[in-house]
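So the chains spell out like this:
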Amino acid sequence: MLGRRSKILLDAAIGSIAVGLLRAVKLTDRRRAANFSGAVMRKIGPLLPEHRIGRNNLRAAFPEKSDAEIEKILAGVWDNLGRVAAEFAHLDEFHIEGVGPTASDGIAYTPETADRYERMIKSRTPTLAFGAHLANWEVSAVGAKLLGANSAALYRRPNIRAISDAVIKLRTPLIGQLIPTGLDAPVRLARLLQSGVHVGMLADQHFSKGVEVIFFGRPCKANPLIALLARQTECTIRGARVVRLPDGNRFRCDITDPIEPPRDADGRIDIKGTMQAITAVIEGWVREHPEQWLWLHRRWR
């Protein structure tokens, strides 16, 4: 009883501190906060055990790269992660370029991407969008909402209640409905898709009960949820990614054309084949901007 009470008090204290930090960061200029946080993480990151995980992952994924090249990529990874942390409190300040008050708050789109989004939003068939932990991955959902998409996103609820409540309060108006991971998540997401809501989720992390796919030439496990939902609903599958632009504080959002999923002999969507197709798209994204992907988790087990 004493241990449980202590944990409740500790979680409450940590939650209060985290919420206070979010409010404090919100009072600062977004660009200055992101620049500062990125610079700090460039110094601190290499001292953390995750740096070794990232180094090992990069050596396996890019055996042709030198130690210096790998360390340069890792410096960019830590810089990006620091910026993401600072930007979280400022997500409501982003605007589609040409609409917002300043270009520095812009989310850029190519004409091709803008056309794809327009066709997606006007389509009677909702989209299942997959993303990856690239750049600031939250910006993709924010941009889709700004463009007028009726959307929902799957997310992992923080363990501490106060932090979870703060996250939901901040993100829901900007992204749309938030569906926490859990046993009922597939049913809730399927119902949303059937009602015409576009659904997004990240598809680049280890999932112990997942299907085996090949990523950078090595087997790993992928969560098959997006393929299972596609099989059930026959919704369109698209990839959506974010690229951090050279100034470090602006982004470009991309969305792919519909991805045709492989099918089995009965014409049903093949789960493993579809997840491999999705993983191949994500690998291409990561190869293009390796310094913007989260190499710090154990993707391969």
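Note that the structure is predicted; figures quoted are calculated from it, not measured.

### Some details on the pairing of strand β10 (residues 251–255)
With four of five residues buried, β10 is to be regarded as a mostly interior element. Two elements, strand β2 (residues 106–108) and β10, share two bridges in a ladder whose sense is parallel. For A108, the partnering residue across the bridge sits in β10 and is R252. As paired strands, strand β9 (residues 236–244) and β10 are joined by five bridges and run antiparallel to one another. Across the sheet, V242 pairs through a bridge with C253, a residue of β10. The turn linking β9 back onto β10 is made up of six residues, and G248 within it adopts a positive phi angle of 85°.

### Re the confidence of the model for the protein chain
Residues at a pLDDT of 70 or more form 87% of the protein chain, whose mean pLDDT is 89. Across residues 99–103, confidence stays below pLDDT 50; counting only partners more than four residues off in sequence or on other chains, it has four contacts.

### Comments concerning unusual backbone geometry
A positive phi angle, close to 50°, is found at A135, a residue other than glycine. Following the sequence through the fold, A135 ends up in the loop between β3 (127–131) and α6 (138–146). Backbone geometry places E234, a non-glycine residue, at a positive phi of 60°. With respect to the helices, strands and loops of the structure, E234 is situated in the loop between α9 (225–233) and β9. Looking at E234, the relative accessible area reads 41%, which means it is partly exposed.

### Here we look at the nonpolar core
Judged by nonpolar contacts, the single largest core of 50 residues is most densely connected at L128, F130, M201, I282 and W295. Apart from the residues lying within four places of it in its own chain, the contact partners of I282 are F130, G131, A132, A203, D204 and F215. Counting 23 residues, the second largest nonpolar core, distinct from the first, contains F94, Y155, F251 and I255.

### Considering the packing of helix α8 (residues 185–194) against α9
In a pair of packed helices, the angle between the axes and the distance between the axes together describe the arrangement. Remark: α8 packs on α9, axes separated minimally by 10 Å, with the N-to-C direction vectors making an angle of 45°. Regarding the angle of α8 to α9, the classification is oblique. Relative to α9, α8 is oriented so that their crossing is right-handed. For the pair α8 and α9, the contacting residues are P186, L189, A190, L193 and Q194 in the first and L225, L229, Q232 and T233 in the second. Its residues placed into classes, the contact of α8 with α9 shows six nonpolar, three polar and no charged.

### Topic: the pattern of salt bridges
Per the counting criterion, the structure on display carries 18 salt bridges. For R59, the salt bridge identified is with D67, shortest N-O distance 3.7 Å. One connected set of salt bridges, linked through shared partners, spans D115, R116, R119 and D257.

### Here's the deal with helix α3 (residues 49–61)
Spanning 13 residues, α3 covers 19 Å between terminal C-alpha atoms, matching the ideal 18 Å at 1.5 Å per step. Buried residues belonging to α3 abut α4 (67–87).

### Focus on the environment of R116
Secondary-structure assignment places R116 in helix α5 (residues 111–122). With 141 residues separating them along the chain, R116 and D257 place their C-alpha atoms 6.9 Å apart. The residues touching R116, leaving out its near neighbours within four places in the chain, are R238, I255, T256 and D257.

### Remarks on the packing of aromatic side chains
Inspection of every chain in the model, using the stated rule, returns 10 aromatic pairs. Considering the side-chain rings of F130 and W285, the 5.7 Å spacing of their centres and the 25° angle between planes classify their relative orientation as stacked. Pair noted here: F130 is in strand β3 and W285 is in helix α10 (residues 271–288), with a separation of 155 residues, a long-range link. Here F130 matches W285 in class, with each residue buried.

### Looking at the packing of helix α2 (residues 30–44) against α4
Contact geometry for α2 and α4: axes closest at 7 Å, N-to-C directions at 140°. As the angle between them shows, α2 and α4 are arranged oblique. As α2 runs across α4, the sense of the crossing is right-handed. Only A75, G76, W78, D79, G82, R83, A86 and E87 of α4 make contact with α2, whose side of the interface consists of A33, A34, N35, S37, G38, A39, M41 and R42. Residue classes in the contact of α2 with α4 are distributed as seven nonpolar, five polar and four charged.

Quick notes on the rules
Residues numbered from 1 in each chain as written. Predicted model: local features only at pLDDT ≥ 70, side-chain atom pairs only at ≥ 80, totals over all residues. Heavy atoms only, no water. Buried < 20%, exposed > 50% of the residue type's maximum accessible area, 1.4 Å probe, protein only. Helix = DSSP H or I, 4+ residues; strand = E, 2+ residues; numbered from the N terminus. Pairing = 2+ DSSP bridges. pLDDT = per-residue confidence, 0-100. Contact = heavy atoms within 4.5 Å. Core = buried A, V, L, I, M, F, W, Y, C linked by side-chain atoms within 4.5 Å. Axes fitted to C-alpha atoms, helices over the stretch in contact; angles between N-to-C directions. Parallel < 35°, antiparallel > 145°, perpendicular 65-115°, else oblique. Left-handed = near helix turned anticlockwise from the far one by under 90°. Nonpolar A, V, L, I, M, F, W, Y, C, P; charged D, E, K, R; others polar. Salt bridge = Lys/Arg side-chain N within 4 Å of Asp/Glu carboxyl O. Expected span 1.5 Å × (residues − 1). Phe/Tyr/Trp six-rings, centres within 6.5 Å; stacked < 30°, edge-to-face > 60°.

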